[in-house]
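A look at the structure
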Amino acid sequence: MQVLTFFLGPERFAIDIKLVDTLENKMPITPVPKSKTYITGLISHRGDVIPVINTCLILSEDSIDNLLEKLIIINLESGKIALAVSGIDDVLDIEEENIETVNLNEDMSVVNIDTHIIPLLTYKQLKKI
Amino acid sequence: MDQLSPDNVSEFSTVNRKNLDELVSLVEELVINKVKIEKMKNEFSNSTQAKILDQELRIISEIQESIKKVRLIKIKTISKALSDLVDQYSKDYCIHTQFLFNGQETQIENSLISYIHNLLAYFIKDIFEKEFVISDQALSQISISAQSDGKDLTTIIESNGKGFDAEKICNVLNKKDIDLLSFSEDEVRKFISLTSSSDNIDYLLKLRQDLLHLGGSLKFESELNTFRRITIVIPMSSSIMQGLLVTIGNQVYAIPLEFIETILDKKSVKIKKSHRSQMILHMEHVIRLINVSDLLQVETSEEPSCILIVNSNNSRAALLVDSLLDQTDMVIKNKPPIIKDVNEIKGTTILGDGLVTLVLDIPSILKEI
């Protein structure tokens, strides 16, 4: 499978490329008062209004300052969402055998890329949003 | 064979609903661009260019008006389905029923037709189950009438039958009249239990919630063992409407113009404090003053300077906002499902600068305060 790797601060994460619609540079975001804490705001993308998600918060990481450098637009059944990340790294081919599921509190998967263990953001986690 | 004269050619042609929706969304994009063109026009010093843009703007406005009319549909579209429903229940319950449907030529927006059908079908079922219980009744009657004044659609469904003592119910509930939209959910449940007028209360609450979002009203009138009349008022708002842009807590918000009664300068108004809330006196009415930045829980660095008197369904409030920016045409898009629990927001609109602007839900704000 192919994964897109991205940064949240210094940490590297991966996501299945099949979930990714497009990548966008940072753009003006409209905050939504009284919305859930992980919603950074709304953007206009090709005529659609898309919520921007604070990716740190859904991955249970500490929030970081320079999060909004890039946006990964994801297609979900309920509509599109944009994941705010601090940088895009690469698109990599990985063998299925290098993916391991770690049963912590949630269904967390990790991929082993050149002996680096990278958390893999799965559809299950995104669907919970 | 008779030749077809213009008189016997139908005045209607059939259009695929999907194609129509696509056309409407294209016009919506055109309206978004209209705001951009208006800005551009002011930057041109060359009068020929400005003239061409002026012409474009006029055409867009005309298309906007035409598309509003295209989206209208006659209410008679649902009369056959409702009449069949009455026939079916008449058979099932062995009740001979006279069914009248007046005002079938009334036009309403396409998107509302299935909602009105569901609402009327619900009350028809309810009438057979709960109203027509007196066996010696000469003739059971259900009459529906619809009329529109261009702003609101008023539909009345009346039946003779069991009914209830409206005055007594008003006294028990401590209300002047019975408008389910001005009731809390508990009050609606209490009203239903007092009049035992419905079994499917959850469905009624859902229909009520939808009507609340549309900013309508749902009034009951009745006399015991005589009649029951339900008046449903639905505002005929379109997704393309005029809005007033205001700033609240360093952010721009849009308020649909149809809800704004008056705009006042804060300096010219005396604000009184009473019972921990603020009031203003306007045209001999005491109106509650709401600081919108407090309501939205946003911080503001500006001193609020404007007061908007808003009105929906005879409920009024004075909204305190930081400043006024502009009046504009806007296309309201539904809010993304992820923020559907934010009741103060009706939807979003994209303005000429490409930024998403939040549209305040005035009926919902008036209901919550």
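Scroll up to find the structure.
Residues numbered from 1 in each chain as written. Chains lettered and ligands numbered in written order. Predicted model: local features only at pLDDT ≥ 70, side-chain atom pairs only at ≥ 80, totals over all residues. Heavy atoms only, no water.

Before going further, it helps to spend a moment on the overall build of chain B. When helices and strands are counted, chain B shows nine helices and 20 strands. Over its C-alpha atoms, taken along the principal directions, chain B stretches across nearly 80 × 75 × 40 Å. Residue burial in chain B is summarised as follows: out of 369 residues, 46% are buried. The contacts of chain B with a sequence gap of at least 6 include a subset with a gap of at least 24, amounting to 65%. Element-wise, carbon and sulfur atoms account for 49% of the exposed surface of chain B, whose accessible area totals about 20,000 Å². (Helix = DSSP H or I, 4+ residues; strand = E, 2+ residues; numbered from the N terminus. Buried < 20%, exposed > 50% of the residue type's maximum accessible area, 1.4 Å probe, protein only. Contact = heavy atoms within 4.5 Å. Areas by Shrake-Rupley, 256 points an atom, 1.4 Å probe, with all protein chains shown as cover.)

This brings us to the overall build of chain A. Each helix and strand in chain A was counted, giving two helices and 11 strands. The order of helices and strands in chain A, counted from the N terminus, is β-β-β-β-β-α-β-β-β-β-β-β-α. A globule of 129 residues ought to have a C-alpha radius of gyration of about 14 Å, and chain A, at 14 Å, matches this closely. Counting only C-alpha atoms, chain A reaches 40 × 30 × 30 Å along its principal axes. Counting all 129 residues of chain A, 46% fall into the buried class. (Rg over C-alpha atoms; globule rule 2.2 N^0.38 Å.)

Our focus in this paragraph is the packing of helix 5 (residues 166–173) of chain B against helix 6 (residues 185–195) of chain B. Residues and elements named next belong to chain B. Running from amino to carboxyl end, helix 5 crosses helix 6 at an angle of 140°, the nearest separation of the two axes being 11 Å. If you check the angle between helix 5 and helix 6, you find them oblique. The two elements helix 5 and helix 6 cross, and the hand of that crossing is right-handed. Residues Ile169, Val172 and Leu173 of helix 5 form the contact with helix 6, whose participating residues are Glu187, Lys190, Phe191, Leu194 and Thr195. Across the contact of helix 5 with helix 6, the residue classes break down as five nonpolar, one polar and two charged. (Axes fitted to C-alpha atoms, helices over the stretch in contact; angles between N-to-C directions. Parallel < 35°, antiparallel > 145°, perpendicular 65-115°, else oblique. Left-handed = near helix turned anticlockwise from the far one by under 90°. Nonpolar A, V, L, I, M, F, W, Y, C, P; charged D, E, K, R; others polar.)

Quick look at the pattern of salt bridges now. Residues and elements named next belong to chain B. Taken as a whole and assessed by the stated rule, the structure comprises 22 salt bridges over all chains. With a closest N to O distance of 3.8 Å, Arg228 and Glu131 form a salt bridge. Separated by 97 residues along the polypeptide, Arg228 in strand 8 (residues 227–235) and Glu131 in helix 4 (residues 113–131) bring together distant segments of the chain. In this pair, the class of Arg228 matches that of Glu131, namely buried. Shared partners join several salt bridges into a network, and the residues in it are Lys74, Lys76 and Glu105. (Salt bridge = Lys/Arg side-chain N within 4 Å of Asp/Glu carboxyl O.)

Residue and element names in this part refer to chain B. Strand order in this open sheet of six strands is 17-9-10-20-19-18, and the pairing throughout is mixed. Each edge of the sheet is formed by a strand with only one pairing partner; in this case those strands are strand 17 (323–331) and strand 18 (333–334). Bridge count for strand 9 (residues 240–248) against strand 17 is eight bridges, and the pairing is antiparallel. Looking at strand 17, one finds that Leu244 is bridged to Gln327. Each of strand 9, strand 17 and strand 19 (345–350) is contacted by helix 1 (residues 17–43), which is oriented at about 150° to strand 17, the strand it contacts most. (Pairing = 2+ DSSP bridges.)

Looking now at unusual backbone geometry. Phi is positive for Lys34 of chain A, close to 60°, though the residue is something other than glycine. Among the structural elements, Lys34 of chain A can be located in the loop between strand 3 (20–25) and strand 4 (39–45). Within the chain, Gln297 of chain B stands out as a residue other than glycine whose phi angle is a positive 55°. Relative to the helices and strands, Gln297 of chain B is located in the loop between helix 8 (292–295) and strand 15 (306–312).

One frequent convention defines the size of an interface as the accessible area lost when the parts assemble. Listed as interface residues are 19 residues of chain A and, on the opposing side, 20 residues of chain B. Around 1,600 Å² of area is buried between chain A and chain B when both sides are counted, 70% of it from carbon and sulfur atoms. Between Glu344 of chain B and Lys34 of chain A there is a salt bridge, with its nearest N and O atoms 2.5 Å apart. The interface formed by chain A and chain B contains four residue pairs in polar contact (both at pLDDT 80 or more). Elements with a contribution of two residues or more to the side of chain A that touches chain B: strand 4 and strand 5 (48–54) of chain A. If one sorts the elements of the side of chain A that touches chain B by residue count, strand 4 of chain A sits on top with four residues. Split into classes, the residues belonging to the side of chain A that touches chain B amount to 12 nonpolar, five polar and two charged. (Buried area = accessible area lost by both parts, 1.4 Å probe. Polar contact = N/O pair within 3.5 Å; in protein donor to acceptor, adjacent residues only side chain to side chain.)

Let's shift gears to helix 3 (residues 79–93) of chain B. Residues and elements named next belong to chain B. If you check helix 3, its first and last C-alpha atoms are 21 Å apart, about what 15 residues at 1.5 Å a residue would give, namely 21 Å. Among the residues making up helix 3, those that are buried are Ser79, Leu82, Val86, Tyr89 and Ser90. Looking straight down helix 3, one finds its buried side chains confined to an arc of 105°; they lie on one side. In this structure, helix 3 carries Lys80 and Lys91 as exposed residues pointing more than 90 degrees from its buried face. As for helix 3, its buried residues are in contact with strand 2 (97–102), helix 4 and strand 4 (140–148). Positioned one or two residues after helix 3, Cys94 has a phi angle of 55°, which is positive. (Expected span 1.5 Å × (residues − 1). Arc of directions from axis to C-beta.)

Glancing now at the nonpolar core. The biggest cluster of nonpolar side chains holds 59 residues, and the ones touching the most others in it are Ile15, Ile74, Leu83 and Leu126 of chain A together with Leu360 of chain B. When we break this core down by domain, the ones giving at least three residues each are domain 1 (9–70) and domain 3 (240–368) of chain B. If sequence neighbours within four positions are ignored, Ile15 of chain A has contacts with Gln2, Val3, Leu4, Phe6, Val20, Ile74, Leu83, Leu120, Leu121 and Leu126 of chain A. (Core = buried A, V, L, I, M, F, W, Y, C linked by side-chain atoms within 4.5 Å. Domains from an automatic or database assignment.)

Residue and element names in this part refer to chain B. The full count for this structure, using the stated rule, is 12 aromatic pairs over all chains. Look at Phe128 and Phe132: their rings are 5.3 Å apart centre to centre, the planes differ by 85°, and that puts the pair in the edge-to-face class. Like Phe128, the residue Phe132 is buried in the burial classification. Here Phe164 and Phe191 contribute two aromatic rings whose centre-to-centre distance is 5.6 Å and whose plane-to-plane angle is 80°, an arrangement assigned as edge-to-face. (Phe/Tyr/Trp six-rings, centres within 6.5 Å; stacked < 30°, edge-to-face > 60°.)

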